[in-house]
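Letter by letter, the chains look like this.
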Amino acid sequence: QVQLVESGGGLVQAGGSLRLSCLASGRTFSNYAMGWFRQAPGKDRERVSGISWSGGSTYYADSVKGRFTISRDNAKNTVYLQMNSLKPEDTAVYYCAAGWKLGVAGVYDYWGQGTQVTVSS
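Residues numbered from 1 in each chain as written. Predicted model: local features only at pLDDT ≥ 70, side-chain atom pairs only at ≥ 80, totals over all residues. Heavy atoms only, no water.

## Quick notes on the overall build of the protein
Thought 1: A tally of helices and strands in the protein yields zero helices and 11 strands.
Thought 2: Starting at the N terminus and ending at the C terminus, the protein contains elements arranged as β-β-β-β-β-β-β-β-β-β-β.
Thought 3: C-alpha extents for the protein along the principal axes are approximately 40 × 25 × 25 Å.
Thought 4: Within the protein, the fraction of its 121 residues that count as buried is 44%.
Thought 5: Sequence separation of 24 or more characterises 56% of the internal contacts of the protein that already satisfy a separation of 6 or more.
Thought 6: Carbon and sulfur atoms provide 47% of the accessible area of the protein, an area that totals close to 6,000 Å².
Thought 7: Counting 12 positive and 8 negative side-chain charges, the protein places the centres of these two groups 4 Å from one another. (Helix = DSSP H or I, 4+ residues; strand = E, 2+ residues; numbered from the N terminus. Buried < 20%, exposed > 50% of the residue type's maximum accessible area, 1.4 Å probe, protein only. Contact = heavy atoms within 4.5 Å. Areas by Shrake-Rupley, 256 points an atom, 1.4 Å probe, with all protein chains shown as cover. Lys, Arg positive; Asp, Glu negative; His and termini not counted. Charge placed at Lys NZ, Arg CZ, Asp CG, Glu CD.)

In structure tokens:
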């Protein structure tokens, strides 16, 4: 089992920045690829970003490319999502997830409870 706890969400004005963190506990964190997903009210869960176990491979949705940066610190069992130039359409609950490989939501085995990000215009 892997337990994931997100933090760092909040209310920010458009153009601002937030850094989300996801702390993992349980099994060896460095064995897992990590992903960030988000879900806005009335919408499907959206894949935002992902990073391989080594950090050598990353993925970004087109909607966040150039604005968001994913990173991980295996010594701290933590994955981060730096979000810059935030837009109102980035408003959602953000979830981190752990799995054996990068991919869509279905390949991830473990999920956090989510952290709310609200971007005001």
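## Brief notes about unusual backbone geometry
Thought 1: Even without being a glycine, Asn-77 presents a positive backbone phi close to 55 degrees.
Thought 2: For Asn-77, a relative accessible area of 28% gives the class partly exposed.

## Side note on the side chain of Arg-72
Thought 1: Mapping Arg-72 onto the fold places it in strand E7 (residues 68-73).
Thought 2: In this structure, Arg-72 is buried with no salt-bridge partner, the nearest side chain bearing the opposite charge being Asp-73 at 8.3 Å.
Thought 3: Among the polar contacts made by the side chain of Arg-72, one reaches the main-chain carbonyl oxygen of Tyr-32 at a distance of 2.8 Å.
Thought 4: For Arg-72, the residues in contact, after removing those within four places along its chain, are Phe-29, Ser-30, Tyr-32, Ala-33, Met-34, Ile-51, Ser-52, Trp-53, Gly-55, Thr-78 and Val-79. (Salt bridge = Lys/Arg side-chain N within 4 Å of Asp/Glu carboxyl O. Polar contact = N/O pair within 3.5 Å; in protein donor to acceptor, adjacent residues only side chain to side chain.)

## Quick look at the pattern of salt bridges
Pairing is possible between side chains of opposite charge, provided their charged atoms come close.
Thought 1: The tally for this structure, following the rule as stated, stands at four salt bridges.
Thought 2: Linking Arg-38 and Glu-46 is a salt bridge whose minimum nitrogen-to-oxygen distance equals 2.8 Å.
Thought 3: Under the relative-accessibility criterion, Arg-38 is labelled buried at 6%.
Thought 4: The class of Glu-46 is partly exposed, set by a relative accessible area of 29%.
Thought 5: Note that Lys-65 is salt-bridged to Asp-62, the shortest N-O span being 3.2 Å.
Thought 6: Among the charged side chains, a salt-bridge network with shared partners connects Arg-38, Glu-46, Arg-67 and Asp-90.

## What about the environment of Ser-120?
Thought 1: Within the fold, Ser-120 resides in strand E11 (residues 115-120).
Thought 2: According to the relative accessible area criterion, Ser-120 is partly exposed, its value standing at 27%.
Thought 3: As for Ser-120 and Gly-50, which are separated by 70 residues in sequence, their C-alpha atoms are 26 Å apart.
Thought 4: Apart from the residues lying within four places of it in its own chain, the contact partners of Ser-120 are Leu-11, Val-12, Gln-13 and Ala-14.

## Details of the sheet that holds strand E3 (residues 18-26)
Thought 1: Strand order across the open sheet formed by four strands is E1-E3-E8-E7, with antiparallel pairing between neighbours. Lying at the two open borders of the sheet, with one neighbouring strand each, are strand E1 (2-7) and E7. Looking at each pair of strands side by side, their axes are set apart by 15 degrees on average, direction ignored.
Thought 2: Where E7 meets strand E8 (residues 78-83), six bridges bridge the pair, whose relative direction is antiparallel. (Pairing = 2+ DSSP bridges. Axes fitted to C-alpha atoms, helices over the stretch in contact; angles between N-to-C directions.)

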